[in-house]
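# Working through the structure, step by step
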Amino acid sequence: MAHHIARDMAYSAMGGDMAYSAIGGSSGEGSAVPRRTTSAPASAFDLRRQSSATRMYRDPPIVFSDAPPAGSAANWHTEDGAANEESFVQQPFTSHGGGDSDGVLNTHGGMHDADEDDDISSQPLLPYVGMEFDSIEDAQKFYNDYAFGTGFGSRIASSKNSQKKGPQQLIKRVFQCVHAGKPETTCETSSHSKGIAAGGSSSSKQAGVEMDVTVKRQRNQIMCYDCKAHMIVGLRGNKWVVTYFVAQHTHPLMQHEEIVRFYRSHRKIPEEDYQLLMTMHDVNLSTTNCMGMLGMVHGGDRRKLPYVKRDVSNARSKLRQNQSFQDMDMTVAYFKRRQAENAQFYYATEVDKETNEVTALFWVDGRTRALYPKYKDCVFFDTTFCTNRYNLAFAPIVGVNNHLQTVLLGCALVPNEQIETFKWVFQHWMIAMNNEHPLHLMTDQDKAMETAIKDVFPNTVHRCCKWHVQRKAREKLGRILSMDENFEQTSYNMWRKRETWAPAYFRKNFFPFTSTTGRSEGLNSYFKTFVNPQDSVWRFVQQYEVLQETMLDREDNQAFIGHATTAPLYSRYNFERQAVHFYTRSVFLKFQKEFMASTGFIMNLAPALDNASVRFELHSNYFENPRIFSVNVVLAEEKFECSCNCFEMNGIICAHIIRVMVHLNVQKIPQRFMLERWSEAATTAMSGGGCLLDFGHPATNTLKYNALCRKYTWLASQACSNDLAYKIMNDAAHQLEPLIAVAKQGVLPEQQEANQ
């Protein structure tokens, strides 16, 4: 009888409200079955909050019974393929005297209820024979949560399907401790036992007990202790029932949940965290920053996360892989949707006739097409950056806006740098821009590009980047000099092509404040912070949109500065006030720099070219620069020409003309020298495509969707408080459905009623 009392106390301590009943005589050697009487299984959250100081089975004795082992199917073979064997649970019992007594519990026998007063326990809820689950997933989750609360990792040991004809049905599954297996042999290297820590890397090769230095990638192995702890569940009707459970472990258990969480079975990304991760993935945050953000959401401690950095990295890799299967389809579908929303959006694709694959893309949005007539006077084109897994070259068409900022005028992804490829891009460029060719175009020194430009843009002034030419010269001349050969031929080639790159030949052409393709290369460098070479084309297009929005944000900021603030003036001259009100802030600072430099010149009257003009010669006050600049003036026509050609190259008057204007008491800059492309009107006075900003309606479908989601989520949270509020909200939603369907067709409900 004392033995029964000891077992009563043991079950009360372990299961809280478990009870059992004995079979047999007074010897106390009968079998018993535990059963639940009141409380339901604890949740995973409750289990993970268990104190490590109160966990059970830290180093219990090993107990074996006559029951079948974990992997045995001796009692599972029946006529109908279902399980019908006796069910067992092995666990230790503690008597009042402090000694341990082992017992084997059997499901057959009568019931004897134990006291239910002791069902308050801080221990993780133990599985018990007869426990039922609605699905096999629920059973696995329960055992895994129990493993976390106890201090070990779990895995699926084996499964068994029905032998009946027809579709296979799972009828049995065994969950066990990850430290199962003979210690003298190497553990299996299946995916569920590939290492405790997150740092274990995958490999297809088996690693021996000792490290094989010939294997390129080594990984940690789970230590095997021949642990017998496991749980068997079987299908009984439409329920999964625990039929066998062993709680003992042959190894020390983890004492702290900060360490237990590194078992692979406990590393799962919850759905809410995964949704946030997808958002951060879309804006291309690094994995380290993603982990930091997720840690902040969970209270600032990354050790509380039920996953590690490797899991986040793997999840992001799967997102990229899922996109790769429908990469081009998603991109083309997106372009079609953009074109349906805005008829000014233009895109083109080049398809391989043999494989029917998209090999090149070109696109430009409606706002860019509206701005192009103002910014076509200087365009840059470069293909120095390869972006994605398909090795397609990023070929941005770049211009300079009225704030001296880089602006995207179009984009292409091309497979190679051949003449036909460039001609394809330039031809669609002309189609998109209503056959308006760029006035001035700067590229790197590429023969194929030069040939394509001559064919498609015959009237465009083409200039090669000086920096690229000088770099190639250093490479070639340096190699020739080191070989002690004649470099006369190389020098001759550079001299023969000097008209394509030397600044002296472009002094009367509009290439504002630059002689290189640095804007394109700077854009490429900046774009590398958004994408990486493993990204898909669809991912690239998404990040291109982010880059474009970033540029628009910078442009809006400069527009605000121009409207809301004023720049300090250097003098009291009227034409400086005229400039500060006309130019954008960035351009005015360039003008003011020229104005300040004008005070450093001495002016002398020189012989005029004709009777209607006056000519002045200027040189530096302190003879810093021996160069003499000549300014020819026709005052009646408000005509000023300087030998430095600053206005022709940059679009603003130079310090020499300003000095002459001050000398001649000119109070206002002639209108011919005030280019509209440097004013605020260049972007605010868009013809046809511009519209007033409506703060009541978001500009894009994404913003509209987000705004409506926030509003109606709040309404739903209020409407679920009682039945009446729910009915009002539900009825309103049904009434809105036909109205929205009509509005999507572009017809107002009043117009539809009038037509009917």
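Residues numbered from 1 in each chain as written. Predicted model: local features only at pLDDT ≥ 70, side-chain atom pairs only at ≥ 80, totals over all residues. Heavy atoms only, no water.

What follows deals with the overall build of the protein chain. Broken down by element type, the protein chain carries 23 helices and 21 strands. Within the protein chain, the fraction of its 756 residues that count as buried is 44%. Taking the contacts inside the protein chain whose residues are at least 6 apart along the sequence as the reference set, 63% of them involve residues at least 24 apart. In the structure as shown, the protein chain presents an accessible area of about 40,900 Å², 53% of it carried by carbon and sulfur atoms. (Helix = DSSP H or I, 4+ residues; strand = E, 2+ residues; numbered from the N terminus. Buried < 20%, exposed > 50% of the residue type's maximum accessible area, 1.4 Å probe, protein only. Contact = heavy atoms within 4.5 Å. Areas by Shrake-Rupley, 256 points an atom, 1.4 Å probe, with all protein chains shown as cover.)

Taken residue by residue, the protein chain gives an average pLDDT of 74. The fraction at 70 or more is 66%. Below a pLDDT of 50 lies the segment residues 1-122, which in the model reaches 235 contacts outside its immediate sequence neighbourhood of four places, other chains included. pLDDT under 50 marks residues 186-209. Its contacts with residues more than four places away, or in other chains, come to 51 contacts. (pLDDT = per-residue confidence, 0-100.)

Before going further, it helps to spend a moment on helix α10 (residues 419-432). Taking 1.5 Å as the rise per residue, α10 with 14 residues should run 20 Å; its terminal C-alpha atoms sit 20 Å apart, in good agreement. Taking burial as the measure, the 14 residues of α10 include 10 buried ones, the bulk of the element. When α10 is considered as a whole, its buried residues turn out to be Thr-421, Phe-422, Lys-423, Trp-424, Val-425, Phe-426, His-428, Trp-429, Met-430 and Ala-432. Count one or two residues on from α10 and you reach Asn-434, which has phi positive near 55°. (Expected span 1.5 Å × (residues − 1).)

Right, let's talk about helix α19 (residues 655-663) for a bit. Buried within α19 we find Ala-655, His-656, Ile-657, Ile-658, Val-660 and Met-661. Packing partners of the buried residues in α19 comprise α16 (574-582), α17 (585-597), β18 (601-606), β19 (614-620), β20 (629-634) and β21 (639-642).

Attention now goes to the pairing of strand β14 (residues 393-400). Side chains on a regular strand alternate between the two faces of the sheet. In terms of burial, β14 is largely enclosed, as 8 of its 8 residues are buried. Of the two faces of β14, the one lined by Ala-393, Ala-395, Ile-397 and Gly-399 and the one lined by Phe-394, Pro-396, Val-398 and Val-400 are each fully buried. Bridge count between strand β12 (residues 379-381) and β14: 3 bridges; the pairing is antiparallel. Its bridge partner lying in β14, Phe-380 is registered against Val-398. Across 8 bridges, the pairing between β14 and strand β15 (residues 406-414) is antiparallel. What sits directly across from Pro-396, in β15, is Cys-411. (Pairing = 2+ DSSP bridges.)

Here the focus is the packing of aromatic side chains. The tally for this structure, following the rule as stated, stands at 33 aromatic pairs. A centroid spacing of 5.5 Å and a plane angle of 50° characterise the contact between Phe-133 and Phe-142, whose relative ring orientation is tilted. Seen from their ring centres, Phe-426 and Phe-457 are 5.2 Å apart, and the 45° between their planes marks the pair as tilted. Taken together, the residues span a long stretch of sequence, with Phe-426 in helix α10 and Phe-457 in the loop between α11 (447-456) and β17 (461-464) at a distance of 31 residues. On the accessibility criterion, Phe-426 (0% relative accessible area) is buried. Through successive ring pairs, a cluster of aromatic residues spans Tyr-334, Phe-335, Phe-345, Tyr-347, Trp-363, Trp-538 and Tyr-544. The side chain of Arg-677 reaches across the aromatic face of Trp-678, ending 4.4 Å from its centre. (Phe/Tyr/Trp six-rings, centres within 6.5 Å; stacked < 30°, edge-to-face > 60°. Lys NZ or Arg CZ within 6 Å of the ring centre and 35° of its normal.)

This paragraph deals with the pattern of salt bridges. Under the definition given, this model contains 15 salt bridges. A salt bridge links Asp-134 to Lys-239; the shortest N-O distance between them is 2.4 Å. Of the two residues, Asp-134 sits in the loop between β5 (132-133) and α3 (136-150) while Lys-239 sits in strand β9 (residues 239-246), which places them 105 residues apart along the sequence. When the shortest N-O distance is used, the salt bridge between Lys-141 and Asp-145 registers 3.0 Å. Of this pair, Lys-141 and Asp-145 both sit in helix α3, separated by 4 residues, roughly a single helical turn. Owing to a relative accessible area of 5%, Asp-145 belongs among the buried residues under this scheme. Residues participating in the shared-partner salt-bridge network are Lys-182, Asp-226 and Lys-228. (Salt bridge = Lys/Arg side-chain N within 4 Å of Asp/Glu carboxyl O.)

Okay, the sheet that holds β18 next. Strand order across the open sheet formed by 4 strands is β18-β19-β20-β21, with antiparallel pairing between neighbours. Sheet topology places β18 and β21 at the edges, where each strand pairs with a single neighbour. Averaged over neighbouring strand pairs, the angle between their axes works out to 25° when direction is ignored. Relative to β19, β18 is paired through 6 bridges, and the arrangement is antiparallel. Bridge assignment links Met-603 to a residue of β19, and that residue is Leu-618. Across the face of the sheet, α19 comes into contact with β18, β19, β20 and β21 while running at roughly 70° to β18. (Axes fitted to C-alpha atoms, helices over the stretch in contact; angles between N-to-C directions.)

This part is about the pairing of β19. Burial analysis of β19 places 5 of its 7 residues in the buried class, which makes it a mostly covered element. Note that β19 and β20 share 5 bridges and pair antiparallel. Bridge assignment links Arg-615 to a residue of β20, and that residue is Asn-632.

Note: most residues except glycine have negative phi, and most peptide bonds are trans. Of note, Asp-226 is a non-glycine position whose phi angle comes to about 55°, a positive value. Inspection of the secondary structure assignment puts Asp-226 in the loop between β7 (170-177) and β8 (230-236). In this structure, Glu-638 takes a positive phi of about 55° despite not being glycine. Following the sequence through the fold, Glu-638 ends up in the loop between β20 and β21.

Another aspect to go through is the side chain of Gln-578. With respect to the secondary-structure elements, Gln-578 resides in helix α16. Setting aside its immediate chain neighbours within four residues, Gln-578 contacts Lys-668, Ile-669 and Met-674.

Secondary-structure assignment places Ile-628 in the loop between β19 and β20. Look at Ile-628 and you get partly exposed, because its relative accessible area is 49%. Distance in space between the C-alpha atoms of Ile-628 and Cys-644 is 9.7 Å, their sequence separation being 16 residues. Apart from the residues within four sequence positions on either side, Ile-628 is in contact with Glu-617, Leu-618, His-619 and Ser-643.

Okay, the packing of helix α8 (residues 327-341) against helix α15 (residues 537-564) next. Running from N to C, α8 and α15 point in directions that differ by 40°, and their axes come no closer than 7 Å. On the side of α8, the interface is formed by Asp-327, Met-328, Met-330, Thr-331, Tyr-334, Phe-335 and Arg-338, while α15 contributes Val-537, Trp-538, Val-541 and Glu-545. For the contact of α8 with α15, the class distribution of residues is 7 nonpolar, 1 polar and 3 charged. (Nonpolar A, V, L, I, M, F, W, Y, C, P; charged D, E, K, R; others polar.)

With that out of the way, let us pick up the nonpolar core. Ranked by internal contacts, the top residues of the largest apolar core, which has 63 residues, are Trp-363, Tyr-583, Phe-591 and Ile-653. For this core, the element with the highest residue contribution is α15, accounting for 7 residues. Discounting chain neighbours no more than four positions away, the residues touching Phe-591 are Phe-575, Glu-576, Ala-579, Tyr-583, Ile-652, Ile-653, Ile-658 and Ile-669. Core analysis: the second largest hydrophobic core is formed by 33 residues, Tyr-372, Ile-397, Val-414 and Trp-424 among them. (Core = buried A, V, L, I, M, F, W, Y, C linked by side-chain atoms within 4.5 Å.)

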